[in-house]
Amino acid sequence: MPVLPGAEPYRHEGGEVGVLLCHGFTGSPQSLRPWAEHLAERGLTVSLPLLPGHGTRWQDMQITGWQDWYAEVDRELRALTERCAEVFVFGLSMGGALALRLAARHGDAVRGVVVVNPANKMHDKAAPALPVARFLVPSTKGIVSDIAKPGSAEIGYDRVPLHAAHSLRRFFRLVDAELPQVTQPLLVLHSPQDHVVPPADSARVLSRVSSTDVTEILLEQSYHVATLDYDADRIFAESLAFIGRLAPSAGKEGTATGG
C-alpha cells in the first residue's frame, strides 16, 4: 500500500549531534515533522522513521506488534550512533514509550530523552478484554487528532486495530518495568488537557525513572498531539535548549531530505 501523503519518513544529514524522533500509535511522522524540521534547520542530524504498519491503512497494522515498532527505532538509533558523536531520543505518546525503552536498553549511547505526553498504560475499561475481543472485533474508533488548535490535523488512522492494541498493552507493561533503568537526563512535556493519555502517565514515568537530571513542563494550551498544537513552538524551543545544555557542540550545517 502507498504511504499516505504527508506521512512519509524524514531524515536530515547534519552535524555530530543526532536526534531520533518516534511517532505515536496509529499516527505517522507527520505529527512530528515540524519538530524534526526545526531541529534540522539548527544543523542537527535527524531521523524520523515511519513505524511498521503505520501511514497506509489500519488493516496493515493488524499484522504488526510492538516488536516491529521497537525494532524499527532500535535500528534507527544504531545507525545514528554510528554517524553521530551524541544522540538524543524524542517521542510523542507511544513514541515516548519507545524512546524510554531505547534509553533503558542502550544506556550511554543515548545522551538524553525528551517525551511529549508519554503513554504508559492503557486506561480504557475495555482493555482487559483485548486478549479475547481482538478475535471478535477487528477495530474500534480512532484516537488521532486530539488537538485544540483549529485547522490543525494529524494524519493517522480513524480506526484502532485491536490486535495491535493488544500488543501495545503488553508493551506498556514491559516499558513500565524497565523505567528504573532510565538514567539519562529527561525532559517531560505534558498536557493537563489530554483526551488520549492522562497526566497520570507522565507522573508514573517521572516517579519510576532513575534519572537525576529531570525537567517537567506543562503544556497548558494543548491537547494530546501537542507537537501540532498551540504549544508546539515551546516544545521545539525547550527541546533545543535541552540539547544545547547537554551537547554544546550541536548545530552544524547539513542538508534535509524527505522519504
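Residues numbered from 1 in each chain as written. Predicted model: local features only at pLDDT ≥ 70, side-chain atom pairs only at ≥ 80, totals over all residues. Heavy atoms only, no water.

1. Topic: the packing of aromatic side chains
Next, step 1: Under the criterion given, the structure shown has 4 aromatic pairs.
Next, step 2: Here the aromatic rings of Phe25 and Trp69 are separated by 5.7 Å at their centres, their planes lie at 70°, and the arrangement is edge-to-face. Separated by 44 residues along the polypeptide, Phe25 in the loop between strand S2 (17-22) and helix H1 (33-41) and Trp69 in helix H3 (residues 66-83) bring together distant segments of the chain. A single burial state applies to Phe25 and to Trp69, both of which are buried.
Next, step 3: When the ring of Trp66 is compared with that of Phe171, the centres are 5.4 Å apart and the planes differ by 25°; the resulting orientation is stacked. With Trp66 in helix H3 and Phe171 in helix H6 (residues 162-178), this residue pair connects regions lying 105 residues apart in the sequence. The pair Trp66 / Phe171 is uniform in exposure class, with both members buried. (Phe/Tyr/Trp six-rings, centres within 6.5 Å; stacked < 30°, edge-to-face > 60°. Helix = DSSP H or I, 4+ residues; strand = E, 2+ residues; numbered from the N terminus. Buried < 20%, exposed > 50% of the residue type's maximum accessible area, 1.4 Å probe, protein only.)

2. Concerning the nonpolar core
Next, step 1: Phe25, Trp69, Leu100 and Val113 are the most contacted members of the largest nonpolar core, which totals 45 residues.
Next, step 2: Mapped by element, the contributors of at least two residues to this core are S2, helix H2 (58-61), H3, strand S4 (86-92), helix H4 (94-106), strand S5 (112-116), H6 and strand S8 (186-190).
Next, step 3: Take this core: its biggest share by element is 8 residues, from H4.
Next, step 4: Not counting residues up to four positions away in its chain, the partners in contact with Phe25 are His54, Met61, Trp69, Met94, Ile143, Val160, Ala164, Ala165 and Leu168.
Next, step 5: By size, the runner-up hydrophobic cluster in this structure holds 32 residues, among which are Tyr10, Ala36, Phe88 and Ile147. (Core = buried A, V, L, I, M, F, W, Y, C linked by side-chain atoms within 4.5 Å. Contact = heavy atoms within 4.5 Å.)

3. Some points on the UniProt feature "binding site: substrate" (unreviewed entry) in the protein chain
Next, step 1: Cross-referencing UniProt, the feature "binding site: substrate" (unreviewed entry) maps to Phe25 and Met94 in the present numbering. For the residues just named, distributed over 70 residues, the greatest C-alpha separation is only 5.6 Å, placing them together at one site. Within the annotated group just given, the residues that line the largest pocket are Phe25 and Met94.
Next, step 2: Of note, Met94 is situated in helix H4. (UniProt positions renumbered as here; feature names shortened; annotations may be inferred. 1 Å grid on protein atoms, 1.4 Å probe; cavity = no way out; pocket = protein on both sides within 12 Å on 5 of 7 lines; lining within 4 Å.)

4. Section: the environment of Gly91
Next, step 1: The residue Gly91 is located in strand S4 in this model.
Next, step 2: The exposure class of Gly91 is buried, given its relative accessible area of 0%.
Next, step 3: A C-alpha to C-alpha distance of 7.4 Å links Gly91 and Pro118, two positions 27 residues apart in sequence.
Next, step 4: Sequence-distant contacts of Gly91, defined by excluding residues within four places in its chain, comprise Cys22, Gly96, Ala99, Val114, Val115 and Val116.

5. Section: the packing of H4 against H6
Next, step 1: For the pair H4 and H6, interaxial distance at closest approach is 10 Å and the crossing angle is 40°. On the basis of their axis angle, the class for H4 and H6 is oblique. For the pair H4 and H6, the sense of crossing is left-handed. Contacts from Met94, Ala97, Leu98, Leu100, Arg101, Ala104 and Arg105 in H4 reach Leu168, Phe171, Phe172, Leu174, Val175 and Glu178 in H6.
Next, step 2: The class makeup of the residues in the contact of H4 with H6 is 10 nonpolar, no polar and 3 charged. (Axes fitted to C-alpha atoms, helices over the stretch in contact; angles between N-to-C directions. Parallel < 35°, antiparallel > 145°, perpendicular 65-115°, else oblique. Left-handed = near helix turned anticlockwise from the far one by under 90°. Nonpolar A, V, L, I, M, F, W, Y, C, P; charged D, E, K, R; others polar.)

6. A word on helix H8 (residues 232-246)
Next, step 1: Between its first and last C-alpha, H8 extends 21 Å over 15 residues, near the 21 Å set by a 1.5 Å rise per residue.
Next, step 2: Along H8, the positions that sit buried rather than exposed are Ala232, Ile235, Phe236, Ser239, Phe242, Ile243 and Leu246. Within H8, the buried residues cover an arc of 130° as seen down the axis, which keeps them to one side. (Expected span 1.5 Å × (residues − 1). Arc of directions from axis to C-beta.)

7. Quick word on the pattern of salt bridges
Next, step 1: With the rule as written, the count across this model stands at 15 salt bridges.
Next, step 2: In this structure, the salt-bridge partner of Glu72 is Arg75, at a minimum N-O distance of 2.7 Å. Placement of both Glu72 and Arg75 in helix H3 is noted, with a separation of 3 residues, approximately one turn of the helix.
Next, step 3: Under the relative-accessibility criterion, Glu72 is labelled buried at 15%.
Next, step 4: The salt bridge partner of Asp176 is Arg204, with a shortest N-O separation of 2.7 Å. Of this pair, Asp176 sits in helix H6 while Arg204 sits in helix H7 (residues 199-208); the two residues are 28 residues apart in sequence, bridging distant segments of the chain.
Next, step 5: What makes Asp176 buried here is its relative accessible area of 13%.
Next, step 6: A relative accessible area of 36% means that Arg204 is categorised as partly exposed. (Salt bridge = Lys/Arg side-chain N within 4 Å of Asp/Glu carboxyl O.)

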